[in-house]
Amino acid sequence: MRVMEPLGQLTPWDLRTRGDEYAADLLYNGLVRLDGSLKPQPDLAERWDTSPNGGVITFTLRNDIRWHDGQ
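To start, this report covers the structure provided alongside it. For clarity, every value in this text was computed on a predicted model and none was experimentally measured. (Residues numbered from 1 in each chain as written. Predicted model: local features only at pLDDT ≥ 70, side-chain atom pairs only at ≥ 80, totals over all residues. Heavy atoms only, no water.)

## Looking at helix H1 (residues 18-27)
Among all positions of H1, only Asp 20, Ala 23 and Ala 24 are buried. Angular distribution of buried residues about the axis of H1 spans 100 degrees; they occupy a single face of the element. Opposite the buried face of H1, by more than 90 degrees, sit the exposed residues Arg 18, Tyr 22, Asp 25 and Leu 26. (Buried < 20%, exposed > 50% of the residue type's maximum accessible area, 1.4 Å probe, protein only. Helix = DSSP H or I, 4+ residues; strand = E, 2+ residues; numbered from the N terminus. Arc of directions from axis to C-beta.)

Here's what the structure looks like:
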């Protein structure tokens, strides 16, 4: 029998266990998601640009997304 550990607070920026990561993946969208071929596809970001040296990625968010309170 497998014992499940209780979930933490599930704040996406402070996930502490693999179980928390799995649960957060079910609850939260990300900037991008992976398709069946593990290629990044837009999710909350409609596009992204990488600086010439690869050190900075700039994400452009979709216009139709809102915070949980509707803002």
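Picking up after the structure, the text goes on.
## Topic: the packing of aromatic side chains
With the rule as written, the count across this model stands at one aromatic pair. Relative to Phe 59, the ring of Trp 48 lies with its centre 6.4 Å away and its plane at 45 degrees, an arrangement referred to as tilted. With Trp 48 in strand E3 (residues 45-50) and Phe 59 in strand E4 (residues 57-61), this residue pair connects regions lying 11 residues apart in the sequence. Accessibility expressed as a relative area gives 29% for Trp 48, which makes it partly exposed. The class for Phe 59 is partly exposed, based on a relative accessible area of 34%. (Phe/Tyr/Trp six-rings, centres within 6.5 Å; stacked < 30°, edge-to-face > 60°.)

## Brief notes about unusual backbone geometry
Trans peptide bonds make up most of the peptide bonds, and negative phi angles are found at most residues other than glycine. In this model, Leu 38 sits at a positive phi of 65 degrees, which is unusual for a non-glycine residue. Position of Leu 38 relative to the elements: it lies in the loop between strand E1 (32-34) and strand E2 (40-42). Owing to a relative accessible area of 63%, Leu 38 belongs among the exposed residues under this scheme.

All quantities given are derived from atomic positions and should not be read as evidence of function.
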